[in-house]
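# Report on the structure
Chain by chain, the residues:
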Amino acid sequence: MAQAHPIDRNVYFVPHSSKWPFFGSIALFVTMIGFASWLNEIAWGRPVFFVGVALVIAVLFMWFGDVIRESVAGNYNNQVDVSFRMGMIWFIFSEVMFFAAFFGALFYTRAFALPWISGEGDGAATHAILWESFSSGWPNNGPAGIGGPFHTIPAWGLPLINTLILLTSGSTVTAAHHALKSGHRKSLLFWLGLTVVLGCTFLFLQASEYAEAYKELNLTLGSGIYGSTFFMLTGFHGLHVTLGTIMLAIIWLRCAKGHFDRDHHFAFEAVAWYWHFVDVVWLGLFLFVYVL
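One structure accompanies this document, and this report is about it. (Residues numbered from 1 in each chain as written. Predicted model: local features only at pLDDT ≥ 70, side-chain atom pairs only at ≥ 80, totals over all residues. Heavy atoms only, no water.)

### A word on helix H5 (residues 158-182)
Between the first and last C-alpha of H5 there are 36 Å, a value that for 25 residues agrees with the 36 Å anticipated at 1.5 Å per step. Positioned one or two residues after H5, Gly183 has a phi angle of 80°, which is positive. (Helix = DSSP H or I, 4+ residues; strand = E, 2+ residues; numbered from the N terminus. Expected span 1.5 Å × (residues − 1).)

Set out below in structure tokens:
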């Protein structure tokens, strides 16, 4: 069924009595309480976290289901389309700031914190009193050697392969977009499906990398400042790739059902924007976390 064209009218569509923001807030609260408790090794933290994740997934499934039904019914006019675009732009901006905070922590640690506690500049007193024998260097697990010795993951192995995979996926989703705008539905489904496969391949290789890091290299989340920044940056990026892959798969199903045409397909564009954002973040990760 093709998507109905937006009605060109001045009335702005507002859904009535939507319960999903309320339930979504509860689901996020449960998730974060469980996650924080899990990190602090509280027994009930882990099951509560997964219950919260299940609630978030259920809320998103039903909430976006309502949005899709409203879109297919033709309830969205050009004003609503502009609102969606602005909302997606601000959402991606918030994600940029999210990763900027972790990149900032990485930069601060390497450029300031480690030199200070090894005796340079204003950290001389700290070095003399607390960590006299500490010598800075990167990667580092801190003055106390938290987590024990470890080895880093070489940049030119799986990380390089994953970089090539994500760069290729950015090209395939762009090819799918051009196919959609040209009305070539078979090409659209092929290139979009290939993007989903590449996203799944990236996640499989990253899971393999994590398994090697924990079992063979003793590189864990508890391996001092390096381990924490490494897994926080790559882990949250992996989470974003997971969400992006799921969204691409849903868009593929919607394309197969004929929900979009060459003029009205913002849902496709929004997911493509998100995927390109994920690509750019990974390039920064590959350079600053693996190479440098």
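### A word on helix H1 (residues 20-39)
The terminal C-alpha atoms of H1 lie 28 Å apart, and with 20 residues this matches the ideal 28 Å at 1.5 Å per residue to within 8%. Tucked into the core, H1 has its buried residues touching helix H2 (45-72). Looking one or two residues beyond H1, the residue adopting positive phi is Glu41, at roughly 60°. (Contact = heavy atoms within 4.5 Å.)

### Here's the deal with the environment of Gly157
Secondary-structure assignment places Gly157 in the loop between helix H4 (124-129) and H5. Separated by 63 residues in the primary sequence, Gly157 and Thr220 have C-alpha atoms spaced 19 Å apart.

### A short note on a nonpolar patch on the surface
Where nonpolar side chains cluster on the molecular surface, the patch consists of Val82, Met86, Ile89, Trp90, Phe93, Val96 and Met97 and spans about 670 Å² of accessible area. Along the chain, Trp90 falls in helix H3 (residues 78-117). (Patch = residues over 30% accessible without salt bridge, like charges linked within 9 Å, V, L, I, M, F, W, Y side chains within 5 Å. Areas by Shrake-Rupley, 256 points an atom, 1.4 Å probe, with all protein chains shown as cover. Salt bridge = Lys/Arg side-chain N within 4 Å of Asp/Glu carboxyl O.)

### Focus on the side chain of Thr220
Within the secondary structure layout, Thr220 lies in the loop between helix H6 (185-215) and helix H7 (224-256). Here Thr220 falls in the buried class, since its relative accessible area comes to 18%. Excluding its chain neighbours within four sequence positions, the residues that come into contact with Thr220 are Tyr214, Gly227 and Phe231. (Buried < 20%, exposed > 50% of the residue type's maximum accessible area, 1.4 Å probe, protein only.)

### Things to note about the environment of Val51
By the secondary structure assignment, Val51 is in helix H2. Overall, the relative accessible area of 46% leaves Val51 in the partly exposed class. Measuring from C-alpha to C-alpha, the distance between Val51 and Thr195 comes to 30 Å, with 144 residues separating the pair along the chain.

### Structural notes on the environment of Gln79
With respect to the helices and strands, Gln79 occurs in helix H3. With a relative accessible area of 38%, Gln79 lands in the partly exposed category. Sequence spacing of Gln79 and Leu114 is 35 residues, and the spatial spacing of their C-alpha atoms is 51 Å.

### Looking at the packing of H3 against H7
Two elements in contact, H3 and H7, have axes whose closest approach is 10 Å; the angle formed by their N-to-C orientations is 165°. For the element pair H3 / H7, the angle class is roughly antiparallel. Relative to H7, the crossing made by H3 is left-handed. Only Ile225, Thr229, Met232, Leu233, Phe236, His237 and His240 of H7 make contact with H3, whose side of the interface consists of Glu95, Phe98, Phe99, Phe102, Phe103, Leu106 and Thr109. Among the residues making up the contact of H3 with H7, the classes are represented as nine nonpolar, four polar and one charged. (Axes fitted to C-alpha atoms, helices over the stretch in contact; angles between N-to-C directions. Parallel < 35°, antiparallel > 145°, perpendicular 65-115°, else oblique. Left-handed = near helix turned anticlockwise from the far one by under 90°. Nonpolar A, V, L, I, M, F, W, Y, C, P; charged D, E, K, R; others polar.)

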